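Residue-level structural notes
One-letter residues, chain by chain:
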Amino acid sequence: MEYNHLSPLGWNTYFENQITQDERELIVGKVSIENKTNYQVLAAGETYIAEATGRLFYMAETDAELPKVGDWVLMMEIDKGKAVIQKVLQRQSVISRKVPGKKLEEQIIATNIDKLFIVQGLDSNFNLARLERYLALAQNVEPIIVLNKADLCPHPEDIVRQVKERIKNVEIVVAAALQNQVSTLHPYIKAGSTIAIVGSSGVGKSTIINSLIGRPFMATGEVRELDSKGRHTTTSRHLMLLESGGVLIDTPGMRELQLWGDQYSLSTSFEDIEALSEHCKFKNCTHTDEKGCAITQALDEGSVDEAHWINYVKMIKELAYLETRQDVSAMLERKNKWKKIHKEQRELYKRRNI
Ligand SMILES: Nc1nc2c(ncn2[C@@H]2O[C@H](COP(=O)(O)OP(=O)(O)O)[C@@H](O)[C@H]2O)c(=O)[nH]1
Ligand SMILES: [Mg+2]
Ligand SMILES: [Zn+2]
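Residues numbered from 1 in each chain as written. Chains lettered and ligands numbered in written order. Predicted model: local features only at pLDDT ≥ 70, side-chain atom pairs only at ≥ 80, totals over all residues. Heavy atoms only, no water.

Here we look at the overall build of the chain
Secondary structure summary: the chain contains nine helices and 13 strands in total. For the chain, buried positions account for 51% of its 354 residues. At a minimum sequence separation of 6, the contacts of the chain that also span at least 24 residues come to 66%. Surface summary for the chain: the accessible area is close to 18,400 Å², and the carbon and sulfur share equals 49%. (Helix = DSSP H or I, 4+ residues; strand = E, 2+ residues; numbered from the N terminus. Buried < 20%, exposed > 50% of the residue type's maximum accessible area, 1.4 Å probe, protein only. Contact = heavy atoms within 4.5 Å. Areas by Shrake-Rupley, 256 points an atom, 1.4 Å probe, with all protein chains shown as cover.)

Topic: the site of ligand 1
Taken together, 18 residues lie around ligand 1, and Asp-151, Gly-202, Lys-205, Thr-207 and Gly-221 are the ones closest in. The contact in question runs from an oxygen atom of ligand 1 to an N or O atom on the side chain of Lys-149, over 3.2 Å. A distance of 3.4 Å separates an oxygen atom of ligand 1 from a polar backbone atom of Val-203. Protein chains shield 83% of the accessible area of ligand 1, which is 580 Å² for the free molecule. Considering every element that reaches the shell around ligand 1, the biggest residue donor is helix α5 (residues 205-213), with three residues. (Near = heavy atom within 4 Å. Polar contact = N/O pair within 3.5 Å; in protein donor to acceptor, adjacent residues only side chain to side chain.)

What about the UniProt feature "binding site: Zn(2+)" (unreviewed entry) in the chain?
UniProt tags Cys-280, Cys-285, His-287 and Cys-293 as "binding site: Zn(2+)" (unreviewed entry). Relative to the helices and strands, His-287 is located in the loop between α6 (271-277) and α7 (294-301). When neighbours within four sequence positions are excluded, His-287 is seen to be in contact with Ser-277, Cys-280, Cys-293, Ile-295, Thr-296, Trp-309, Tyr-312 and Val-313. Within polar-contact distance, the side chain of His-287 engages the backbone oxygen of Cys-285 at 3.5 Å. If you trace the backbone, Cys-293 turns up in the loop between α6 and α7. (UniProt positions renumbered as here; feature names shortened; annotations may be inferred.)

Side note on the pattern of salt bridges
Counted according to the given criterion, the structure contains ten salt bridges. Across the pair Asp-63 and Lys-68 runs a salt bridge, and its minimum N-O distance is 2.9 Å. Owing to a relative accessible area of 42%, Asp-63 belongs among the partly exposed residues under this scheme. Because the salt bridges share partners, they merge into one network encompassing Glu-34, Asp-63 and Lys-68. (Salt bridge = Lys/Arg side-chain N within 4 Å of Asp/Glu carboxyl O.)

Some points on the coordination of the zinc ion (ligand 3)
Tetrahedral coordination by four donors places them ideally at 109.5 degrees to one another around the metal; octahedral coordination by six donors ideally gives 90 or 180 degrees. Note on the zinc ion (ligand 3): its protein donors are Cys-280 (SG), Cys-285 (SG), His-287 (ND1) and Cys-293 (SG). The metal-donor distances range over 2.1 to 2.4 Å. Coordination at the zinc ion (ligand 3) is tetrahedral, judged from the four donor atoms that bind it and the angles of 103 to 117° they form at the metal. Expressed as a motif, the donor residue spacing for the zinc ion (ligand 3) is C-x4-C-x1-H-x5-C. For the pair Cys-280 and His-287, one class covers both residues: buried. (Donors = N, O, S within 2.8 Å, 3.2 Å for Na, K, Ca; no water. Tetrahedral: all angles 85-135°; square planar, octahedral: opposite > 155°, others 65-115°.)

Considering the nonpolar core
Judged by nonpolar contacts, the single largest core of 63 residues is most densely connected at Met-75 and Val-163. For Val-163, the residues in contact, after removing those within four places along its chain, are Phe-126, Leu-128, Leu-131, Ile-145, Leu-147 and Ile-172. Within the second largest apolar cluster, 23 residues are counted, among which are Leu-104, Leu-322, Val-328 and Met-331. (Core = buried A, V, L, I, M, F, W, Y, C linked by side-chain atoms within 4.5 Å.)

Some remarks on the pairing of strand β2 (residues 39-43)
Where burial is concerned, most of β2 is hidden: four out of the five residues are buried. Here strand β1 (residues 27-34) hands over to β2 after four residues, the two strands then running antiparallel side by side. One ladder, built from five bridges, connects β2 with strand β3 (residues 46-52); its direction is antiparallel. Counted as the bridge partner of Leu-42 is Thr-47 from β3. The antiparallel hairpin formed by β2 and β3 contains two residues in its connecting segment, where Gly-45 sits at a positive phi of about 65°. (Pairing = 2+ DSSP bridges.)

Thoughts on the packing of aromatic side chains
Per the stated rule, a full pass over the model turns up seven aromatic pairs. In this structure an aromatic cluster arises from ring pairing among Tyr-3, Trp-11, Tyr-14, Phe-15 and Trp-72. (Phe/Tyr/Trp six-rings, centres within 6.5 Å; stacked < 30°, edge-to-face > 60°.)

Overview of the environment of Thr-62
Position of Thr-62 among the secondary structure elements: in the loop between α2 (54-59) and β4 (72-79). Taking the C-alpha atoms as reference points, Thr-62 and Met-331, 269 residues apart in sequence, are found 9.4 Å from one another.

Details of the side chain of Asn-210
Within the fold, Asn-210 resides in helix α5. When residues no more than four places from it in sequence are discounted, the contact partners of Asn-210 are Arg-215, Pro-216, Phe-217, Met-218 and Thr-220.

Regarding the packing of helix α3 (residues 128-135) against helix α8 (residues 306-324)
Closest axis-to-axis distance for the α3/α8 pair is 10 Å, and the angle between their directions is 40°. Comparing the axis directions of α3 and α8 gives the class oblique. α3 and α8 meet at a crossing whose hand is right-handed. Of α8, the residues touching α3 (which contributes Ala-129, Glu-132 and Arg-133) are His-308, Asn-311, Lys-314, Met-315 and Glu-318. Grouping the amino acids of the contact of α3 with α8 by side-chain chemistry returns two nonpolar, two polar and four charged. (Axes fitted to C-alpha atoms, helices over the stretch in contact; angles between N-to-C directions. Parallel < 35°, antiparallel > 145°, perpendicular 65-115°, else oblique. Left-handed = near helix turned anticlockwise from the far one by under 90°. Nonpolar A, V, L, I, M, F, W, Y, C, P; charged D, E, K, R; others polar.)

With respect to the side chain of Arg-237
Tracing the sequence through the fold places Arg-237 in the loop between α5 and β12 (238-241). Within the buried set, Arg-237 has no salt-bridge partner at all; the shortest N-O distance to an opposite charge, 5.4 Å, is to Glu-34. Side-chain polar atoms of Arg-237 contact the backbone oxygen of Ile-109, separated by 2.9 Å. Beyond its immediate chain neighbours, meaning those up to four positions away, Arg-237 contacts Ser-32, Ile-33, Glu-34, Val-69, Gln-107, Ile-108, Ile-109, Ile-249, Asp-250, Thr-251 and Pro-252. (Lys, Arg positive; Asp, Glu negative; His and termini not counted.)

Put into C-alpha cells, the structure is as follows:
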C-alpha cells in the first residue's frame, strides 16, 4: 500500500515504521469521530464507518487503549464504506484528563496532536488559574493561548500583558471569531499538522472552527445535549481536514478539568516555580511551610505571584494523589516511559517546525 496520500492528515514515518509486512494489506485510516458504538474513519479518498474487533476490546486493559479521535488505525473492509478496526498504531502524543467524578481513570481528549489551541473568552470567562490548568494538557504538544471575544473587551492588550507576566514562553493570540477575525491563528495551521481546540463550553471553539473553514460547519451556541436521565452527555469530538491544509479537532467543552499526569505536566505553566524548587533545602519540599523553601522565600520577597503559587500547590497535590494510587501510578509510569522514548523525536519535529 502507498501511504503518501495520507500525509495531509499527518501521516509520517513514525507511523509507517509500525506497519509490519503482513499488515500492508490493511487499510490505514485516521479516526475522525467517535460514536457510541462505532467510529468514523478517514482513509484515502473514502470515509468509513468502522467498528473495533472484539479482540481489540478484549485485549485493551483500559479504555485509553481503544481507538480515539486522532488515532491512526488499521482496518479491513467488510462492505462498501464499512470496515473493522484491527489495530491502533502507537500514538505520537495524547491529551487526556481524569474522567469527571471520583473514578481514577484516564479520559483521552484527542491523540496525535501537534498543537493545542487553548481558548478563553475575553469576557467574564477569562481566568489565569484555569489557563495554567489547561496548559497541563499540552504534553508533547505546542500550546497556543487563544483569547477570543476581543469585541467584548475594551483593552485586550492589558489582558495579554497579565497572561505574559504569569505564563512565560507560551504564545498568545487574540481573536474575535464571531466577527471572523481569526487571522492571528493562520500562522499555526499547516498542511500535515493537527491542532486540537480545547476550552470551557461557550468560549467560542466551534465559532472559531467555522470561521477558519469559512462556513457554518459546527453547531454553535447553547448546544447542551442531555441523555434520557437529564445528564450532560459527552458530545463527540470532531476531526476535520481543512481545504487549505491542516487538521482541526473540536472537543466538547469541559466543565471540569482534573489532571491526569505527573509533575512533568506542570513544567509549562510553572517553569519559574519549578526552577526555584531546585534550591529548596528538602528534596520532598511541599513549598508550603518548610524552612529553606526557595519558593515561599520568593513569595515573601514578592518575586513570585501569590495566586500563581496557590494554583501550583493545588495542582501538585492533585498529581501527588494520583501517584499514591498504585494502579494509577502504574499507568502513569507507562505513559512516562513512552514519553521518554519519543522525546528525541519530538525535538526533531520541533526543529523541522511541523
Ligand atoms: N461577542 C462574541 N461572541 C462570540 C465570539 N465567538 C463566539 N461567540 C459566541 O459565543 C457563544 C458560544 O460559542 P461556541 O462557538 O458555540 O462555543 P463553544 O462551546 O466553545 O464551541 C455563541 O453564542 C457564539 O456566537 C466572539 O468572538 N465574540
Ligand atoms: Mg462547540
Ligand atoms: Zn520548597
